[in-house]
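Coordinates in review
Each chain is listed here by its residues.
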Amino acid sequence: MTSAAGTATSAMLFPAALFVLAYAAIMSERVNRALVALLGAGLAILAGMLNQEQAIAAVDFNTLALLTGMMIIVGIARKSGLFGYVAIRAAQIMRARPAGILIALPVITAILSALLDNVTTVLLIVPVTMVICSELKVRRYPFLFAEIFASNIGGTATLIGDPPNILIGSAVGLTFNDFVFALTPVVLVILVVQTALNHVIWGRHLHAAGADRQRVMAMNADSAIEDKRLLWLSLAVMAATILGFVLARPLAVEAGTVALIGAAALMLLETIAHPREHHAELVTSALNQVEWVTIFFFIGLFVLVGAIEQAGVLRFLSHQLLTATGGDLHTTALGILWGSAILSALVDNIPFVASMIPLIQELAPAMGGDEAIRPLWWALALGACLGGNGTLIGASANLIVAGIAERAGERIGFMAFLRLAFPLMLLQIAICNVYVVWRFF
Amino acid sequence: MSCADIMTPNPRYVREDDTIGEAAREIIEHTYINLPVVDAEGRLVGLFGIYDLLALLVPRVAVIGNLLPNLRFMSDDDSELHRKYLSLKDNPVRRAVNREAARVYADTPLIEAIRLFCLNHTTIPVVERGSDRLVGMISYWDAARHIVAPKNAAPGG
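Note that this is a predicted model, so its numbers are computed, not measured. (Residues numbered from 1 in each chain as written. Chains lettered and ligands numbered in written order. Predicted model: local features only at pLDDT ≥ 70, side-chain atom pairs only at ≥ 80, totals over all residues. Heavy atoms only, no water.)

As a further point, take the overall build of chain B. Per the secondary structure count, chain B includes 6 helices and 7 strands. Reading the helices (α) and strands (β) of chain B from amino to carboxyl end gives α-β-β-α-β-β-α-α-β-α-β-β-α. Projected onto its principal axes, the C-alpha positions of chain B cover 60 × 35 × 25 Å. Accessible surface computed for chain B: about 9200 Å², of which carbon and sulfur atoms make up 53%. (Helix = DSSP H or I, 4+ residues; strand = E, 2+ residues; numbered from the N terminus. Areas by Shrake-Rupley, 256 points an atom, 1.4 Å probe, with all protein chains shown as cover.)

Our next topic: the interface of chain A and chain B. Taken together, the contact pairs 21 residues of chain A with 16 residues of chain B. Surface buried jointly by chain A and chain B totals about 1600 Å² across both partners, of which 62% is contributed by carbon and sulfur atoms. By the criterion of area lost to chain B, the three top residues of chain A are Val131, Arg215 and Arg407 of chain A, representing 31% of everything that side buries. Inspection of the chain A/chain B interface yields 2 salt bridges. Residue Arg215 of chain A pairs with Glu80 of chain B through a salt bridge whose shortest N-O separation is 3.2 Å. (Contact = heavy atoms within 4.5 Å. Buried area = accessible area lost by both parts, 1.4 Å probe. Salt bridge = Lys/Arg side-chain N within 4 Å of Asp/Glu carboxyl O.)

A separate point is the packing of aromatic side chains. Residue and element names in this part refer to chain A. Going through the model one piece at a time under the given rule, you end up with 16 aromatic pairs over all chains. Look at Phe145 and Phe149: their rings are 4.8 Å apart centre to centre, the planes differ by 15 degrees, and that puts the pair in the stacked class. Here Phe145 pairs with Phe149, and both are found in helix H8 (residues 141-156), just 4 residues apart, close to one helical turn. Assessed through its relative accessible area of 1%, Phe145 is described here as buried. When the ring of Phe176 is compared with that of Phe245, the centres are 5.6 Å apart and the planes differ by 20 degrees; the resulting orientation is stacked. In this pair, Phe176 is assigned in helix H10 (residues 176-201) and Phe245 in helix H12 (residues 228-246), connecting sequence segments 69 residues apart. Among the aromatic residues, ring-to-ring pairing joins Tyr141, Phe145, Phe149, Trp202 and Phe417 into one connected group. (Phe/Tyr/Trp six-rings, centres within 6.5 Å; stacked < 30°, edge-to-face > 60°. Buried < 20%, exposed > 50% of the residue type's maximum accessible area, 1.4 Å probe, protein only.)

Let us now look at the side chain of Gln92 of chain A. Within the secondary structure, Gln92 of chain A sits in helix H5 (residues 82-93). Residue Gln92 of chain A is classed as buried on the basis of its relative accessible area of 7%.

Here the focus is the domain arrangement of chain A. Residues and elements named next belong to chain A. Assigned domains within chain A: domain 1 (10-58 + 300-440) and domain 2 (63-287). One C-alpha centre belongs to domain 1, the other to domain 2, and the line joining them spans 25 Å. Residue-level contacts link 44 residues of domain 1 with 42 residues of domain 2. For domain 1, the biggest contributors to the area lost against domain 2 are Trp378, Cys385 and Val401; these three give 16% of the whole. Joining domain 1 to domain 2, the criterion identifies 1 salt bridge. Across the pair Glu410 and Arg140 runs a salt bridge whose closest N-O atoms are separated by 3.3 Å. Linking domain 1 with domain 2 are 7 residue pairs in polar contact (both at pLDDT 80 or more), by the criterion used here. Among the secondary structure elements, those contributing two or more residues to the side of domain 1 that touches domain 2 are helix H19 (349-363), helix H20 (374-387), helix H21 (396-407) and helix H22 (414-440). (Domains from an automatic or database assignment. Polar contact = N/O pair within 3.5 Å; in protein donor to acceptor, adjacent residues only side chain to side chain.)

A word on the environment of Ile308 of chain A. All names here are of chain A. Here Ile308 shows up in helix H16 (residues 292-310). For Ile308, a relative accessible area of 4% puts it in the buried group. The spatial distance from the C-alpha of Ile308 to the C-alpha of Pro358 is 9.8 Å, given a sequence separation of 50 residues.

Residues and elements named next belong to chain A. Two numbers describe how helix H18 (residues 329-346) lies on H20: the axes approach to 7 Å, and their chain directions differ by 20 degrees. The pairing of H18 with H20 is recorded here as roughly parallel in orientation. Of the two possible hands of crossing, H18 and H20 adopt the one that is right-handed. From H18, Leu329, Thr332, Ala333, Ile336, Leu337, Ser340, Ala341, Ser344 and Ala345 reach across to H20, where they touch Leu376, Ala379, Leu380, Leu382, Gly383, Ala384 and Gly387. (Axes fitted to C-alpha atoms, helices over the stretch in contact; angles between N-to-C directions. Parallel < 35°, antiparallel > 145°, perpendicular 65-115°, else oblique. Left-handed = near helix turned anticlockwise from the far one by under 90°.)

Below is the structure:
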C-alpha cells in the first residue's frame, strides 16, 4: 500500500495517526512505554497495516541481541564491585582534591558509558560519588551534573554506548570500528571542553579540609570488590567482547552475535565454579538482569515504524525533507544534527531515531547512494545522543541520576538543570557542526 | 477487637521542635524502636526511631535501596561517627522524622495492625480519627501477647 513519493494518501492517515498517538502516549509516561509500543504494534497488525511476516521482518533482532547480551554481561560484572573500586582509586589518584575528582569521575563515567550502557554506568558510579562527596563535605550537584553529561558524551562515542547508535549501526550495517573512527575524535574534543568548563564553573571553587581528604585517602578500595574471581572474569569477557566488536566485519558476524556469545561465555564461567544444583538459579539471576521493558519496547517500536514505512508515510516525509533542503547533503546533515539534538532534548531519542532511520534510508537514492549519505548517519547519532544533555528528561541516565539524588536529599530541578545544560548542549552541537563539515564534506 | 483495646495509651513522645539529641536519649534510655513525633497541638507528625537515628550517621545514598553493595571500603573510625552525631544532634527532630510511617486509628481492627506489623516490622502510632492527635502506640508484642494468651480466653485455649 505504498504511495507515490511526494503525495500523501488517505491510506497513510490511519498508520500515521496510530504512530503519533503511540508516540504521544510514550511521551506522556502515563502508561509504560513497552505496553504502548506492543499494543500499538498489535493494532497495526490487526488493522492490516502490515501482515505477520512483515511485522516479524520489521524487528531488528541484531539490536535486540546486542542490548540483551550487554545487559547480561554488565549485570554479572556489576556484582563484582569493579565500579566502586575504580571510582575510589580514581579519587585517591587525584589526592582526594575535589577539583581533581571533578575531572576523574566524569572521565571514568564517559569511558564506561562508551563501553557499557549509560544507565548502568551512572547507577554504579553515582552512589560512590555521593559517598566521596559526603566524606569531603562538598556539594554533590557539580559532580552529578558532570557525570550526567559525561555519560551522554561517552555513550556517543561507540556503537554500543547509546541505544540510538545501536539502532543506527544495526540498521545501516555500520560497525563498531566505523563508529570509533567517525565519532570518537569529536567526542574526545567535547569531553575535554566539557571537563574544562566543569572546572571553570565549579571545580576551581571546590575545596575540602585536609582531615576530610584524609578520610577519602584512607578508604580501602580493595574492600569495595565483592568477588575478585568474578571481577577478573568480567574484565576478560568484556575485553574479549569489545575485541569481537572490533573484528566483527572480518569475522562476518553481527555485533548482536558477539554480545550474546560474550554473555553466554560469562554466564558459563560464573556458574562453572558453583555446584551443579545452583547453575539454574545463577543463570536465571543473570537473565533477570535483562531489562525486558526496554527489549519489548524496541520490539513494539520496530513493528510500529515498519507499519508507517509500509504505508509510505516515511517516504512522503523524506520527500518533504528533500524538498526543504533542496537535496543538498550538507544542508540536510546539519539540519538533521541540529533538529535531532533539539528534539532529543525534549522527547525520547529512541523512537525518534527508530523513525528517522527509514526516513534517511529513503533519501539515499536521491543523494547519491548509501555511501554518500553516511554523514547523515553521523549527524543523526551525534544529535540524538548529545541532545540528551539538553534537559533533565533528555536521556534515561539523566532521570536515573536525578532520582537517586532526590532520594539522597539532593534535588536536581528541571529548570535549574535546563538553564546550564541546554546552552552547554548547544555548544557541543556547535562543535559537532564544525566537525561534521570539516570531516565529512 | 480494635487497636484501642490493646494499645499503650498516652505514650512517650517528642515534639517536632525538640532536638535529635533529646530524641536519641529517649530512644536509647527506653530501648524504643520508634518514638512518635507530634506538633504543638499534639497531632502526629511521624516517627523517629533507632534506624532513623543510625541512618543519619552514614551517607544517605547507602541506605536508600540497593545502590551500594557495601560500605566496607570506608575508614573504620568511630570517633568520626561520634563527631557526625555531635554535628547534627542540635538540629530539630522534624528534619529527620519519618513522615511516611504507617498509622492506625483507635477503631482500626487488630488484623489491619497485624498486616502493617508484617509489612513494616515496627511499632505503629494510634491517632484520633479526624484530629490526628496521638492517643497511643501499638506494638507487635501487644498483638502477639493478646493473641497467644488472651486475657478472656477459655480455659485450655
